[in-house]
Amino acid sequence: MTTVAMEDYLKAIYHGQQETEQRVRTSVVAAHMGVSLPSVSAMFSRLEHRELVDRVKYRGVTLTAEGQQIAVRTVRHYLLLKAYLVKFLDYSEQAAHKEADQLEHHISEKFAERIRDALDEQECDSTASCPQ
């Protein structure tokens, strides 16, 4: 089982990997998350120990298959929640982002599917295609 913090770091690494096909450096994750370099290094060690990232000291990390799976699930939950909050609960984009960022860690796959079913494909988040 992963913690909320682990999922946040995996998500940041995932986004970093989307921007570059190379290892994601500590400084990139620190800037993305607004945390210190030592905090990122400590979490990279924890994630490596759990076999969620492949780490090369001073060169960065890449997600393992399991780390990728957790990151994709977390991002998917975020996108579904954000789209739902905007479409059905009249949240602003900014408010939906903040709320979805917190809730993404706490919903089941069954609930995510129910949200997905409730969303009209054409009205999902306009910055990304509808999460599957």
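Refer to the structure presented above.
Parameters and conventions
- Residue numbers restart at each chain and count upward from 1, following the sequence in its written direction.
- Restriction of local features to residues with pLDDT of at least 70 applies here, the model being predicted, together with a cutoff of 80 or more for giving and counting side-chain atom pairs; totals for whole chains, interfaces and linings are based on all residues.
- Heavy atoms throughout the structure, all of them, feed into the side-chain values; hydrogens and water do not.
- What we call a nonpolar core is a set of buried Ala, Val, Leu, Ile, Met, Phe, Trp, Tyr and Cys residues that are connected through their side-chain atoms within 4.5 Å.
- Here's how the labels work: a residue is buried when its accessible area is under 20% of the maximum for its type, exposed when over 50%, partly exposed in between, all with a 1.4 Å probe on protein chains only.
- To qualify as a helix, a DSSP run of H or I must reach at least 4 residues; to qualify as a strand, a run of E must reach at least 2; elements of each kind are numbered from the N terminus.
- Throughout, a residue-residue contact means that at least one pair of heavy atoms, one from each residue, lies within 4.5 Å.
- DSSP bridges decide pairing: two strands pair if at least two such bridges lie between them.
- Stacked, tilted and edge-to-face pairs are distinguished by plane angle, under 30 degrees for stacked and over 60 for edge-to-face with tilted covering the rest, among Phe, Tyr and Trp rings (Trp via its six-membered ring) whose centres lie within 6.5 Å.
- Charge-over-ring contacts are defined here by two conditions on Lys NZ or Arg CZ: a distance within 6 Å of the ring centre and an angle within 35 degrees of the ring normal.
- The working definition used for a salt bridge is a side-chain nitrogen of Lys or Arg within 4 Å of a carboxyl oxygen of Asp or Glu.
- The span you would expect from a helix comes to 1.5 Å times its residue count less one.
- N or O atoms within 3.5 Å of each other form a polar contact, as long as, within protein, one can give a hydrogen and the other can take it, and as long as residues adjacent in sequence are counted only when both atoms are side-chain atoms.

(A) Quick peek at the nonpolar core. Residues L10, I13, V29, L47, V53 and L63 are the most contacted members of the largest nonpolar core, which totals 32 residues. Elements with a contribution of two residues or more to this core: α1 (4-19), α2 (26-33), α3 (37-49), β2 (60-63), α4 (65-89), α5 (93-103) and α6 (109-118). With sequence-adjacent residues up to four places away left out, V53 is seen in contact with L10, I13, F44, L47, E48, V61, T62, L63 and T64.

(B) How the structure looks around the pairing of β2. Pairing geometry for strand β1 (residues 53-56) and β2, over four bridges, is antiparallel. Pairing of V53 across the sheet is with L63, part of β2. Count of turn residues in the β1/β2 antiparallel hairpin: three residues, of which Y58 carries a positive phi of about 70°.

(C) Just the packing of aromatic side chains, in detail. On inspection of all chains with the given rule, the structure shows one aromatic pair. Between Y84 and F88 the ring centres are 4.8 Å apart and the planes differ by 40°, which places this aromatic pair in the tilted class. With a gap of four residues between them, Y84 and F88 both fall in helix α4, about one helical turn apart. Stacked on the ring of Y78, the Lys or Arg K11 has its end atom at 4.9 Å from the ring centre.

(D) Quick look at the pattern of salt bridges. Per the stated rule, a full pass over the model turns up eight salt bridges. Two residues, D54 and R23, come together in a salt bridge whose shortest N-O distance is 2.7 Å. With a gap of 31 residues between them, D54 in strand β1 and R23 in the loop between α1 and α2 connect regions that are remote in the sequence. For R23, a relative accessible area of 27% translates into the label partly exposed. The network of salt bridges with shared partners includes K11, D101 and E104.

(E) Geometry of α4. Its 25 residues give α4 an end-to-end C-alpha distance of 35 Å, which sits within 8% of 36 Å, the value for a rise of 1.5 Å per residue. Two residues or fewer past α4, D90 is found with a positive phi of approximately 60°.

(F) Inspection of the side chain of E7 at higher detail. Mapped onto the secondary structure, E7 falls in helix α1. Here E7 falls in the buried class, since its relative accessible area comes to 7%. If we skip the residues at most four places from it in the chain, E7 touches T2, I70, R73, T74 and H105.

(G) Representation of unusual backbone geometry within the structure. Phi at E51 is positive, roughly 60°, even though this residue is not glycine. Of note, E51 is situated in the loop between α3 and β1. Among the residues examined, E51 registers a relative accessible area of 59% and is labelled exposed. Phi is positive for Y58, which is not a glycine, with a value near 70°. Note on placement: Y58 falls in the loop between β1 and β2.

(H) Quick peek at the environment of H77. In this structure, H77 sits in helix α4. Residue H77 is classed as buried on the basis of its relative accessible area, which comes to 2%. Considering only alpha carbons, one finds H77 and G34, 43 residues apart in sequence, at a separation of 22 Å. When sequence neighbours within four positions are dropped, the list of residues in contact with H77 reads E104, I107, S108, E109 and A112. Looking at H77, its side chain comes within polar contact range of the side chain of E109, at 2.7 Å.

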